[in-house]
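Chain residues, written in single-letter form:
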Amino acid sequence: MTRPDVPTAPDADRSAERDRGYVPQAIEPRWQQEWERSGQHRVDLEDGSREKHYFLTMFPYPSGNLHVGHWYAETPADAAARFRRMRGANVFFPMGFDAFGLPAENAAVQAARRGEDVHPARLTRERIRTMTGQFARMGAMFDWSRTLATCEPEYYRWNQWFFLKAYEKGLAYRKESYVNWDPVDRTVLANEQVIDGRGERSGALVERRLMPQWHFKITDYADELLDFSGLDWPERVRTMQTNWIGRSEGAEVAFEIDAGGEIRTFTTRPDTLWGATFLVLAPEHPRVATVTTDDRRSEVEAYVAEAARMSELDRQAEGREKTGVFTGGYATRPVDGARIPIWVADYVLVTYGSGAVMAVPAHDERDFAFARRFGLEVAPVVQPHGVAPLDGATMTEAWTGGGTMMASGPFDGTPTGTELGEEGGIAKVIRWLEERGIGERKVTYRLRDWLISRQRYWGTPIPMLYCDACGTVPEREENLPVVLPEDVAFMPTGESPLKSHEAFQAATCPSCGGPARRETDTMDTFMDSSWYWFRYLAPDAIDGPIDRNRVAAWTPVHTYTGGIEHAILHLLYARFFTKMIRDLGLISADEPFLRLRNQGMILGEDGEKMSKRRGNVVDPDDLVARYGADAVRAYLMFIGPWDQGGPWNPKGIEGVVRFLHRVWALIEDPAREGGPDATEEAVADLRRAAHTAVAEVTDDLEGFRFNTAVAELMTLQNAMAKLKSRSLAEHAAWDESVRLLLLLLAPITPHLAEELWHRRGYDGSVHLQSWPEVDEEALRTATAELVVQVNGKVRGRITVDADADDATVLTAAKEEANVARYLEGGTLRREIVVPGKLVNLVVSS
RNA sequence: GCCGGGAUGGCGGAACGGUAGACGCAGUAGACUCAAAAUCUACCGGGGAGACCCGUGCGGGUUCGAAUCCCGCUCCCGGCACCA
């Protein structure tokens, strides 16, 4: 067989290599260079001849090194993308870097403390270079001609542009918001950075601080975000987002206050309104001061101050006993005019609903605990079915279920819930409240507006200015980008260098031309990742953030893969952003990603999360040096279901390495003496093995079941090795099987498949071939072995013609010696034949 | 507490309601070797001499037939958590 030269490998090396068998270290870099040279991964986005498939995998933060988790996320995704391409699609599979973020800035701050000079920009760019080099060794089909890094002004200027458009539409706004403030590092911390109420790095007690902050109005889209129709997303992710949005239906009810005015409360149980025996305000509620009487003032103020000192985390600590103080003020229960006391307690959150609740201790666990603690009245107004009448004085827990309304004026005897379409007490009370102007139907969400301000340096500057004459003014579009200055000195305190950067802050008001100050807050980095997939399609576009034609042709993204840890934040923001820019008229799609698949987490050998501290980190570079990229890829796919992740088993990869060596030997080594002749039966067995593998691997890759795809390839290798013989190796069926094996291996072990493909003398890249079709004829067998059960237990096996009819099968089954024993003396009640599988004879004695 | 997901050999895991344990790891025996490694071959859930019996977290049920479907539990993992 002719063996055309494999590119860039001198013949001498080649023959030496051949003697050594499978040497991935020799073949992998060669093919990586060849693919790069031939431009195999550069996609023609304008190609209209094939089905387009945008296959996206979440871009990484440039942490400095690719770890095995990146390989676990990206190489199976690559296999799925390669599979799509072989199935005929024009696949766009880009990669870039989510390059803004805290770690790089923290490194700069820490360096500043040591008196050293590290700049996040320099550090990040360096890390991107390192990681790009490491990425090349994966053998993935990333189209690097369209990469991007979000920290570059060419990218983030469009963050600013989107921000301005959102601001124009009223979707970006500034309001006072409570944040976690670290007094030592002098910055706001994300919730994840607050551990047990203390700043992660400084160890300082985090304070709740009210600060003016920029927000996006994601809550405007709450209802639309609850709609997942048309999306092929894991149930788990949809549920998590649904819970996060937390839609609650109920009523808003106004309570008049003795001190004047009213306080609005939200409740999901307006049917319990007659049982509201007190009101509770959050400590931050604006009316606290005005309802408090003078004799209670010092106590209330002390309580409010104490609450302000505590972090939200501490306030919500599990099992914490309820605290609160009486304000001295009273409100009027609007349904019957009863006067009820007003309390302040930190179990009421200012950020939810209206920051005030009507407490119904008889029917709400939290209110019940509070009432008992402080000796407040418990008044049952819903009587559950089938139990003794509730008594507020002796109840030991709240009754939160349904029942019959009582002590509720006109509603006595009304059932609370809706039974079989009948309107229940909840709906009836709401209508009654609306008729009287006391309250109204209201939907509340747990979701809060997206706080995008960060008092940090390494992010996108928010393009707003503050002018003494004009107030808050947006930067002009033509002045973008507002460039993040790089001539900055990092403070050991951690304070953003922008706050002391005079040249950055001093600006001209775009409105009046007078002096103005620039906003020094930067944007949350989730902003960067909320639209990056549009930018990949035209990363160099300078007249707008996106290329509308390409976006129309290529989005929504057909397949998106990434870690489950982004189930809420990134994926929810991305959906919101897509809807927002749709409403800005830029795109027409409603959703960013049609099909979503999540991979699990790869753990250390000890089953724990990999960390330097534990010393259980597996370095992919070491593995590649030792076993080759293909072995690492195949093992990561083989380890188990992709969405489950699992512990790294250093012995496990050895099994996959052995498999790859066997594949090499199977195809490259001459057949030994002996082995089966190329009989009709052997040929049929071989073709059946190969085409079964085609069917199974196709199905598995379609369904992201990489583990069973690899197992199926191992099965094929085993079958071929058993059948391999001198006479069969001459047969066309052997060639066919080798060809199929290589095509099926191509997405999983791209280098090995390519090398052997060329060694077998096939033209062109294996990766540009069509995915094989199953020959149904080859799957057929002449005979079938059936299991014969008697009363559901296996008692024998029979071999019959594959197309034998039921009567023939049953006769053969009953004649089987062991089966006959069990039939003796009994009465045959039923005969079940599952074609090609089994026979079950039901006998009673 | 609420919402998801899970529990199968010594281990990772397979299994359209139809032969439980594919594939691999580890292990046992053998071949090759002076020996070892590598490689190859066979075995590899438990009990039993055997026919067989038992076996997919636990208890019920549906079915000719259940790891798979239904009901009720236990435990583990993940997310959310005083959201009125």
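Scroll up to find the structure this text is about.
Below or above, wherever it landed, is the structure these notes cover. Being a predicted model, the structure only gives us computed values, none of them experimental.

**Concerning the overall build of chain A**
Now for step 1: When helices and strands are counted, chain A shows 28 helices and 31 strands.
Now for step 2: A principal-axis box enclosing the C-alpha atoms of chain A has dimensions of 105 × 85 × 50 Å.
Now for step 3: Residues classed as buried in chain A amount to 53% of the 845 residues present.
Now for step 4: Considering only intrachain contacts with a sequence separation of at least 6, the fraction spanning at least 24 residues in chain A is 72%.
Now for step 5: Of the roughly 37000 Å² that chain A leaves accessible, carbon and sulfur atoms contribute 48%.
Now for step 6: Charge centroids of chain A, computed over 98 positive and 127 negative side chains, lie 2 Å from each other.

**Examining the packing of helix α22 (residues 706-723) against helix α24 (residues 732-745)**
Now for step 1: Direction vectors running N to C along α22 and α24 enclose 160 degrees, while the axes themselves pass 11 Å from each other. Relative to α24, the element α22 lies roughly antiparallel. Handedness of the crossing formed by α22 with α24: left-handed. Across the interface between the two elements, L713, L716 and M720 of α22 pack against W734, S737, V738, L741, L744 and L745 of α24.
Now for step 2: Residue composition of the contact of α22 with α24, by class: eight nonpolar, one polar and no charged.

**Looking at the sheet that holds strand β28 (residues 783-790)**
Now for step 1: An order of β29-β28-β31-β30 is seen for the four strands of this open sheet, with the pairing classed as mixed. Every other strand in the sheet has two partners, leaving β29 (793-801) and β30 (827-834) as the edge strands with one partner each. The average angle at which neighbouring strand axes cross in this sheet is 20 degrees, direction not considered.
Now for step 2: Pairing between β30 and strand β31 (residues 838-844): seven bridges, direction antiparallel. When the bridges of β31 are listed, R830 appears paired with V842.
Now for step 3: Where helix α27 (residues 806-815) meets the sheet, it contacts β28, β29, β30 and β31, and its direction lies at approximately 125 degrees from that of β30.

**Overview of the packing of aromatic side chains**
Now for step 1: Taken as a whole, this structure holds 52 aromatic pairs when the rule is applied.
Now for step 2: Note on F135 and W144: the rings are 5.6 Å apart at their centroids and 55 degrees apart in plane angle, and the pair reads as tilted.
Now for step 3: The buried category is assigned to F135, whose relative accessible area is 1%.
Now for step 4: R157 extends its terminal NZ or CZ atom over the ring of W158, reaching a point 4.5 Å from the ring centre.

**As for the sheet that holds strand β20 (residues 471-474)**
Now for step 1: Sheet architecture is open: four strands sit in the order β20-β19-β22-β21, paired in antiparallel fashion. Two strands in the sheet have a free side with no partner beyond their single neighbour: β20 and β21 (506-508). Adjacent strand axes in the sheet meet at a mean angle of 45 degrees, parallel and antiparallel pairs treated alike.
Now for step 2: In the sheet, β21 pairs with strand β22 (residues 515-518) via three bridges, with the strands oriented antiparallel. In the sheet register, A506 faces β22, and the bridge partner there is R517.

**A word on the protein's contact with RNA strand B**
Now for step 1: Among the 52 residues in the neighbourhood of RNA strand B, the closest are listed as S248, Q316, K322, R366 and R797.
Now for step 2: A share of 66% is what sugar and phosphate atoms reach among the atoms of RNA strand B within 4 Å of the protein.
Now for step 3: Within the contact set of RNA strand B, a sugar or linking oxygen lies 2.5 Å away from a backbone nitrogen or oxygen of T268.
Now for step 4: N840 has a polar side-chain atom sitting 2.5 Å from a base oxygen of RNA strand B.
Now for step 5: Within the surface near RNA strand B, the residues separate by chemical class into 19 nonpolar, 16 polar and 17 charged.

**Some remarks on unusual backbone geometry**
In most cases, non-glycine residues show a negative phi, while peptide bonds are predominantly trans.
Now for step 1: Of note, the bond from L480 into P481 is cis; its omega dihedral lies within 30 degrees of zero at 0 degrees.
Now for step 2: Cis geometry marks the peptide bond from T555 to P556, where omega comes out at 0 degrees.
Now for step 3: Along the chain, the position of P556 falls in the loop between α16 (548-554) and β24 (557-563).
Now for step 4: Positive phi, close to 60 degrees, is recorded for F704, a residue that is not glycine.
Now for step 5: Tracing the backbone through its elements, the reader meets F704 in the loop between α21 (680-702) and α22.
Now for step 6: On the accessibility criterion, F704 (7% relative accessible area) is buried.
Now for step 7: Despite not being glycine, N791 has its phi angle at roughly 55 degrees, a positive value.
Now for step 8: As for its position among the elements, N791 is in the loop between β28 and β29.

**Focus on helix α3 (residues 68-86)**
Helical geometry: 3.6 residues make up each α-helical turn, so side chains three or four residues apart lie on a common side.
Now for step 1: Look at α3: 27 Å from first C-alpha to last across 19 residues, which is about the 27 Å you get at 1.5 Å a residue.
Now for step 2: Of all 19 residues making up α3, 19 are buried, and the element is well covered by its neighbours.
Now for step 3: The first or second residue beyond α3 is G88, which carries a positive phi of 110 degrees.

**Focus on the side chain of R535**
Now for step 1: With respect to the element layout, R535 can be found in helix α15 (residues 532-536).
Now for step 2: Although R535 is buried, it forms no salt bridge, and the closest oppositely charged side chain is D540 at an N-O distance of 6.2 Å.
Now for step 3: In this structure the side chain of R535 is engaged in a polar contact, spanning 3.2 Å, whose partner is the backbone oxygen of G544.
Now for step 4: At 2.9 Å, the side chain of R535 and the backbone oxygen of P545 are in polar contact.
Now for step 5: Aside from chain neighbours lying at most four places away, what touches R535 is L148, E154, Y155, W158, D540, A541, G544, P545 and I546.

**Points about the packing of α21 against α24**
Now for step 1: With their axes 10 Å apart at the nearest point, α21 and α24 run at an angle of 15 degrees to one another. Taken together, α21 and α24 sit at an angle that is classed as roughly parallel. Handedness of the α21/α24 crossing: left-handed. Note on element contacts: α24 touches α21 through A733, W734, E736, S737, L740 and L744, opposite V683, L686, R687, A690, H691, A693, V694 and V697.
Now for step 2: A per-class count over the contact of α21 with α24 returns 10 nonpolar, two polar and two charged.

Conventions adopted
Residues numbered from 1 in each chain as written. Chains lettered and ligands numbered in written order. Predicted model: local features only at pLDDT ≥ 70, side-chain atom pairs only at ≥ 80, totals over all residues. Heavy atoms only, no water. Helix = DSSP H or I, 4+ residues; strand = E, 2+ residues; numbered from the N terminus. Buried < 20%, exposed > 50% of the residue type's maximum accessible area, 1.4 Å probe, protein only. Contact = heavy atoms within 4.5 Å. Areas by Shrake-Rupley, 256 points an atom, 1.4 Å probe, with all protein chains shown as cover. Lys, Arg positive; Asp, Glu negative; His and termini not counted. Charge placed at Lys NZ, Arg CZ, Asp CG, Glu CD. Axes fitted to C-alpha atoms, helices over the stretch in contact; angles between N-to-C directions. Parallel < 35°, antiparallel > 145°, perpendicular 65-115°, else oblique. Left-handed = near helix turned anticlockwise from the far one by under 90°. Nonpolar A, V, L, I, M, F, W, Y, C, P; charged D, E, K, R; others polar. Pairing = 2+ DSSP bridges. Phe/Tyr/Trp six-rings, centres within 6.5 Å; stacked < 30°, edge-to-face > 60°. Lys NZ or Arg CZ within 6 Å of the ring centre and 35° of its normal. Near = heavy atom within 4 Å. Polar contact = N/O pair within 3.5 Å; in protein donor to acceptor, adjacent residues only side chain to side chain. Expected span 1.5 Å × (residues − 1). Salt bridge = Lys/Arg side-chain N within 4 Å of Asp/Glu carboxyl O.

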